[in-house]
Amino acid sequence: MSSSLSAHEELPRTSDLRPLPFRLGLSMRWAVRLYLERRFDIHLHETQLLPATGPVILAPNHLGILDGPLLNAMAPRMVHAVGKVEAFGGLQGVLLRRFGQISIDRSIVDIRALRMSIRALRDGRVISVYPEGSRGAGNFARVRPGVAYLAMVTGAPVLPVALLGTRSAGGSIDAHPPRGTRVDVVFGEPFSVDPVSFPRRQIDVRAVATEIGEVLRAHVRKAVVATGNPLPGGAPEEEGIS
């Protein structure tokens, strides 16, 4: 990057965007954490692998509705989650935005969501992006290119996260597991990809996404073995938009 320009002036420019709010999110995450710890048997693993400062892209697998609140509450740092626009309606949407979360329309290339995510990373924040794009088996069988693109633009490290136990075998993607269920959150080794200057070719982004997918699949397999907490398999109904 040119030393004469601030990061926000690099393409795509983000200097026109406001920093994401975080103060309400910081307060809310502790309340959610207390609730979740009372309801489930939660085990955190390798939290020290999340860098204490600087931009990070969390790349968790996606099993069910519990994943987002769980990771946001349990991560050692405040997380700005990139979530489906369908969850941002009404009062819930107002609150999520005030908590610093980012809505994304998965049916299009959502430029606004990408720019907001880049802005957060350039500000040294932590964002979470579900590479699978939708809830399901959680095995990273398919990885969408969003994480790769953000890593190539910002140079932020990607940190794999395995979420295990957040959906029961045969359970609905829209239901919490039973009270007392063991839930494991396993952080992996952060890794970086080479930043690429504008323009970034789609073929290159997809190639990096393929490499990232291999790392993510290896991490979730390792986490299952280490914790003894298996993936639940496919859901009876999986989200239609993937």
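Everything here concerns the structure above.
Residues numbered from 1 in each chain as written. Predicted model: local features only at pLDDT ≥ 70, side-chain atom pairs only at ≥ 80, totals over all residues. Heavy atoms only, no water.

## Here we look at the nonpolar core
Formed by 36 residues in total, the largest nonpolar core has its most connected members in Ile-57, Ile-127, Val-129, Leu-150, Val-158 and Ile-212. Looking at this core element by element, the count peaks at seven residues for helix α6 (residues 202-227). Counting residues in each nonpolar core, the second largest holds 20 residues, with Phe-40, Leu-50, Leu-58 and Val-79 among its members. (Core = buried A, V, L, I, M, F, W, Y, C linked by side-chain atoms within 4.5 Å. Buried < 20%, exposed > 50% of the residue type's maximum accessible area, 1.4 Å probe, protein only. Helix = DSSP H or I, 4+ residues; strand = E, 2+ residues; numbered from the N terminus.)

## Considering unusual backbone geometry
Cis rather than trans, the peptide bond between Leu-11 and Pro-12 has omega equal to -5°. Note that Pro-12 resides in the segment before α1 (23-39). Notably, Glu-46 is not glycine yet its phi reads approximately 60°, a positive angle. Considering the arrangement of structural elements, one finds Glu-46 in the loop between β1 (41-45) and β2 (56-60). Judged by relative accessible area, Glu-46 falls into the partly exposed class, the value being 41%.

## Considering helix α5 (residues 146-154)
One full turn of an α-helix is made of 3.6 residues, so residues set three or four places apart face in the same direction. For α5, a buried count of seven out of nine residues is recorded, marking the element as mostly surrounded by other parts of the structure. Residues Val-147, Ala-148, Leu-150, Ala-151, Met-152, Val-153 and Thr-154 constitute the buried set of α5. The elements touched by buried residues of α5 are β2, α4 (111-122), β5 (126-128), β6 (158-164) and α6. Note on α5: the residue one or two positions beyond its end, Gly-155, has a positive phi of about 75°. (Contact = heavy atoms within 4.5 Å.)

## Digging into the pattern of salt bridges
Throughout the structure, instances matching the rule amount to eight salt bridges. With a shortest N-O distance of 2.9 Å, Arg-182 and Asp-184 are connected by a salt bridge. By relative accessible area, Arg-182 is classed as partly exposed at 33%. The closest approach of N and O atoms between Asp-204 and Arg-201, which form a salt bridge, is 2.9 Å. We classify Arg-201 as exposed; its relative accessible area is 53%. (Salt bridge = Lys/Arg side-chain N within 4 Å of Asp/Glu carboxyl O.)

## Here's the deal with the sheet that holds strand β4 (residues 102-104)
Read from one edge to the other, the open sheet built from seven strands follows the order β1-β7-β6-β2-β5-β3-β4, with strand pairing classed as mixed. Unpaired on one side and paired on the other, β1 and β4 mark the two borders of the sheet. Between one strand and the next, the sheet's axes are offset by a mean angle of 20°, whatever the strand orientation. Against the sheet, helix α2 (residues 67-74) contacts β1, β2, β3 (79-84), β5, β6 and β7 (182-187), and its axis sits at roughly 60° relative to β7. (Pairing = 2+ DSSP bridges. Axes fitted to C-alpha atoms, helices over the stretch in contact; angles between N-to-C directions.)

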